[in-house]
Each structure stands twice: as C-alpha cells, then as structure tokens.
Amino acid sequence: MSSYKIATKCIQSGYKPKNGEPRILPICQSTTFKYDSSEDLAQLFDLTKAGHMYTRISNPTVSAVEEKITDLEGGVGAMCTSSGQAASFISVLNICKAGDNIVALINIYGGTVNLFAVTLKQMGIETRFISSQMSEEEIHSNFDDRTRLVFGETLANPSLDILDFEKFVAIAHSHKVPIIVDNSFATPILCRPFEYGVDIVTHSTSKYMDGHASVVGGVIVDSGNFDWTIDGKYPELTTPDDSYHGLIYTEAFGKAAYITKARTQLMRDLGSTPQPMSAFLLNLGLETLHLRIVRHSENALKVAQFLENQDCIESVNYPGLESSIYHSLAQKYLKDGMSSGVVSFVIKGGRERATKFMDSLELAALVVHVADARTSVLHPASTTHRQLSDKQLEAAGISPGFVRLSVGIEDSDDIINDLSQALKKSSK
Ligand SMILES: *Cc1c(COP(=O)(O)O)cnc(C)c1O
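Undergrad: What exactly am I supposed to notice about the site of the ligand here?
TA: The local shell around the ligand holds 14 residues, among which Asn157, Asp182, Ser204, Ser206 and Lys207 are the closest. In this structure, Gly84 approaches the ligand through a main-chain N or O atom, which is 2.9 Å from an oxygen atom. A per-class count over the shell around the ligand returns 3 nonpolar, 8 polar and 3 charged.

Below is the structure:
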C-alpha cells in the first residue's frame, strides 16, 4: 500500500510508466502474450512465476486498475470482473460449494438477492437472510458448521441503510467466518471497510467508480486479513488444488490466497473477464472519484434538505439528514458523514402524482441506473416493480409514491429548480 492520501492514490496508483513509456495507461488490446521459451510459459502455468499469458486470466491494462483499487481499499490484491454481479458471484463461490450456506443481510441489492436466493440455491448453496432489526440471538441462530461467510452492503441499494460494521464483523468472526461487503455506493473515498475489520470487499464499478454510466464492471478486493487455516474450515484454500498439480493456496500465496484462487481457478474456469478497453475507461473514472463523490454527497444533502421542507413530500430517506435513523452510523463510518448521491422519497398522492412528477422533470432523466454524473430518477412502482399492484407494492415495502433520485454533479441550484418545477406541475 502506498503512503499517499486517497486523492493522490486516485490519480497516481496503479500504472507507473518507466523511462520512455506512454504517460497514460496503455490499452493492451491483445488476447495473449509472447514468451521466448517454453520454460518461461511452463512456469506461468505452474504459477511459480508471475506474468500475463491470456487475457481471460489477466491483462496489463486490467492489472494496473486492479492495483489502483487495491491501494484505494487498502488490501493485498484485487480482481476486476465483467460486472458487479460476477464479482458478487465469484466472491461467494470462491469459498462455497453445494451443501454449504451463507448468511446475508436482507437489504442488499435486489440483483444480489436474486443471485443468492435463486441461482446459488439451484447450485446447492443456501442463503439465510438476516436483518439488523433481529435480536443478536436470532442472528446467531442462523449460523451452523456449514456457514461459510456473511454478506452485506456498506450503504445499501436502495434502502440506504448503513451496515453497523462493528456489530456484524464481530458476529461473523465469532463464528470464524469472513465478512464480505459490497462497497459500491460508499466507494473507498467515503468508507474503507477493511479499517473496520471486513475481510473481502466487492464493487459494482458500473456505479460511482466508473461514474459516467459508460462501462459495466465489478471488482473483488482481498484485505489479506482472514486466517483461512482456521479450524480446517476452508479446505479449498488449505488443501491441494488438483487443477494446479496439488498447489496449496495458503502455502503458496500467503495473505493473497483468496484473491489468487479467485483468479487462477474461478476466472480461469468461468471467464467473467473485463475487457482492456473497459479497464481503461474505469481508470479514467477513478482518477476523479475523490472529487465527484464529494460533490455527489454535497448536492444530495442539499436536495434531501429541500425535499424535507416541501409539504407535498411525505418522507425523505437520506443518511446525511439528521432525521435519518442512520445519521449516527453515517457519522461514524462515512467520511465526514458524507452519504453519497442517492436520495429516496415518498410523494403524497401515490402512483399518479409520482408519475406526473417524473414526467415533468426536465433535467433529471428517467433511467434504470444510479450513481453517475447525471441526475437521474427511477420510480419503482411504474418500472422495476410495475407488475405489482399497490397492495403488493406495500407488502414489498415500496409505497406507490416512492421515488429514487440519483443526484448528479450538476449545479445543485439547477437540480433543485428542476425538482421544484416538476413538483408544482404534478400538483395540478
Ligand atoms: C448495480 C449493483 C450491483 C450489480 O452490479 P452490475 O455492475 O450491474 O452487475 C451490485 N451491487 C450493488 C450495490 C449495485 O448497486
């Protein structure tokens, strides 16, 4: 890890050109790499020598971005993936097999809930969902000797709940299992979960890390802190891998055992690889992450405060607001209490007025994406949850007037003026 401050890491970490080399990270658009002797190649295949051989497994452009993200999170290694979904999947599959179970917070991203509750279940891996409202006793009762990990989100999408790291890290470690945290919404600028004892971090880099809604991608970062040799619980890391002539990951790679296995075994076999061009674009996004996330947070707080003062708004959910039940956890775990750019609120008048309001917006765009430079808006009742009746929506915890706003980095006056005119128009 470099000793630079986080803003410097955003710009300088990763690619370091040598004498006469390109100043900017080159896009190595090559599937494969040339070696002088078969002995050189053999050593790569045996994992006794580091180097690139085939872009499904590693590529210099992608590696440079992985090094930057490793440095930003403060870990020992990272692996980029073709999407956030692939990152979540591989992060779990790396230490789970049929017959095992995992414990996950219920408020995680809907796509991750589907992955865990449906697809992993079909593979024989059971997910036990818990919530922070449960008593500790109830939470502990979900663990048994086949439980392999705990999974949560720093700043949950879309509920904006903040994970109480102290509590859930202690719970996971008391059962001798690692805790994996999806840090997409907070980014390492606002929160570095490893500093609170989290073992593995994942991201959908499609969100703030890229920040321009231009590339879908994901990443897994390893803290290097979890002891995989604990009680023989993780044999896939501590006993010989037949697909590498009996190599033992913890012995060969020490602190980087988990992330090395994720690449050399699962990325090799599954091939959810990011393209070099995508890594180049992600790197450009990362170079301004420290500036953007502050502006997103400042704008979102102003928008949340504006909305809170409107009579036609029933409730506003944003951890940066003092009225939020997560305000104190935001102050505790997020840098200066900055709570990123997503704000949700309920407009009085239900589905009809919410739809009218959104159709009246001029600056904010209707898209199925959050967390990029442009202000955007999503109405679950008429889009992602459109098949549900008002009654079913309520059961799912989504009020018909519920709107999710992803506040961009435009001038906050223009964003607020747009919301204001649309609220007026929708009242008629
Ligand atoms: C979007 C998202 C994902 C899924 O990422 P993709 O890049 O869309 O595959 C996972 N977790 C969170 C918190 C997200 O917001």
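Undergrad: Would you explain the pattern of salt bridges in this entry?
TA: Any two side chains of opposite charge can pair, so long as their charged atoms come close to each other. Across all of its chains, the model carries 17 salt bridges by this definition. The partner of Glu236 in a salt bridge is Arg148, and the shortest N-O contact between them spans 2.7 Å. Taken together, the positions of Glu236 in helix α9 (residues 235-238) and Arg148 in strand β4 (residues 147-153) put the pair 88 residues apart, joining distant regions of the chain. Overall, Arg148 belongs to the buried group, its relative accessible area being 6%. Across the pair Glu166 and Lys332 runs a salt bridge whose closest N-O atoms are separated by 3.4 Å. Of this pair, Glu166 sits in helix α7 (residues 165-174) while Lys332 is found in helix α14 (residues 327-333), placing the two residues 166 residues apart along the sequence. Overall, the relative accessible area of 53% leaves Glu166 in the exposed class. On the basis of relative accessible area, Lys332 is assigned to the partly exposed category, the value being 42%.

Undergrad: How do you make sense of the pairing of strand β12 (residues 402-406) when you look at a structure like this?
TA: Each regular strand carries side chains that alternate between the two faces of the sheet. Of all 5 residues in β12, 5 are buried, a share of seventy percent or more. Strand direction decides the pairing type here: strand β9 (residues 342-347) and β12, joined by 5 bridges, are antiparallel. Bridging from a neighbouring strand, Phe345 pairs with Val403 of β12. The pairing of strand β11 (residues 376-378) with β12 spans 3 bridges and is antiparallel. Looking at β12, one finds that Val377 is bridged to Leu405.

Undergrad: How should I be thinking about the packing of helix α13 (residues 289-308) against helix α17 (residues 412-426) in this particular structure?
TA: Between two packed helices, the angle of one axis relative to the other and the distance separating the axes together describe the packing. The interhelical angle for the contact between α13 and α17, taken along N-to-C directions, is 30°, at an axis separation of 10 Å. By the angle class used here, α13 and α17 are roughly parallel. You can see that α13 and α17 cross each other, and the crossing is right-handed. Seen from α13, the contacting residues are Asn299, Lys302, Val303, Phe306 and Leu307; seen from α17, they are Ser412, Ile415, Ile416, Leu419, Ser420 and Leu423. Classifying every residue of the contact of α13 with α17 by side-chain character gives 7 nonpolar, 3 polar and 1 charged.

Undergrad: In this structure, what is going on with the sheet that holds strand β5 (residues 179-182)? I would like to understand it.
TA: Strand pairing in a sheet takes place through backbone hydrogen bonds and is either antiparallel or parallel in direction. The strand order across the open sheet built from 7 strands is β1-β7-β6-β5-β4-β2-β3, with neighbouring strands paired in mixed fashion. Edge positions in the sheet fall to β1 (77-81) and β3 (126-130), since each has one partner strand and no second. Put simply, the sheet's adjacent strands are angled 20° from each other on average, direction ignored. Bridge analysis of strand β2 (residues 101-105) against β4 gives 3 bridges, and the strand direction is parallel. Bridging across to β4, Ala104 finds its partner in Phe151. Strands in contact with helix α5 (residues 110-122) are β2, β3 and β4; relative to β3, the strand with the most contacts, it is inclined by about 140°.

Undergrad: How should I be thinking about the packing of aromatic side chains in this particular structure?
TA: Within a pair of aromatic rings, the relevant descriptors are the distance that separates the centres and the angle that separates the planes. All told, the structure shown has 11 aromatic pairs when counted by the stated rule. Look at Trp228 and Tyr234: their rings are 5.2 Å apart centre to centre, the planes differ by 85°, and that puts the pair in the edge-to-face class. Residues Trp228 and Tyr234 agree in their burial class; the two are buried. Among the aromatic residues, those joined into a ring-pair cluster are Phe226, Trp228, Tyr234 and Tyr258.

Undergrad: Is there a simple way to think about the domain arrangement of the protein chain in this case?
TA: Interface size, as often reported, equals the accessible area lost upon joining of the parts. On domain assignment, one finds that the protein chain holds domain 1 (8-285) and domain 2 (291-426). Between the C-alpha centres of domain 1 and domain 2 the distance comes to 30 Å. Contact between domain 1 and domain 2 buries roughly 2400 Å² in total, counting both sides, with carbon and sulfur atoms accounting for 61%. It is Ile162, Leu190 and Tyr208 in domain 1 that bury the most area against domain 2; as a group they hold 33% of the surface buried on that side. Our count for the domain 1 to domain 2 interface comes out at 1 salt bridge. When residues of the side of domain 1 that touches domain 2 are traced back to their parent elements, those giving at least two are α7 and α8 (187-190). Across the side of domain 1 that touches domain 2, the residue classes break down as 15 nonpolar, 10 polar and 5 charged.

How each quantity is defined
- Residues numbered from 1 in each chain as written.
- Predicted model: local features only at pLDDT ≥ 70, side-chain atom pairs only at ≥ 80, totals over all residues.
- Heavy atoms only, no water.
- Near = heavy atom within 4 Å.
- Polar contact = N/O pair within 3.5 Å; in protein donor to acceptor, adjacent residues only side chain to side chain.
- Nonpolar A, V, L, I, M, F, W, Y, C, P; charged D, E, K, R; others polar.
- Salt bridge = Lys/Arg side-chain N within 4 Å of Asp/Glu carboxyl O.
- Helix = DSSP H or I, 4+ residues; strand = E, 2+ residues; numbered from the N terminus.
- Buried < 20%, exposed > 50% of the residue type's maximum accessible area, 1.4 Å probe, protein only.
- Pairing = 2+ DSSP bridges.
- Axes fitted to C-alpha atoms, helices over the stretch in contact; angles between N-to-C directions.
- Parallel < 35°, antiparallel > 145°, perpendicular 65-115°, else oblique.
- Left-handed = near helix turned anticlockwise from the far one by under 90°.
- Contact = heavy atoms within 4.5 Å.
- Phe/Tyr/Trp six-rings, centres within 6.5 Å; stacked < 30°, edge-to-face > 60°.
- Domains from an automatic or database assignment.
- Buried area = accessible area lost by both parts, 1.4 Å probe.

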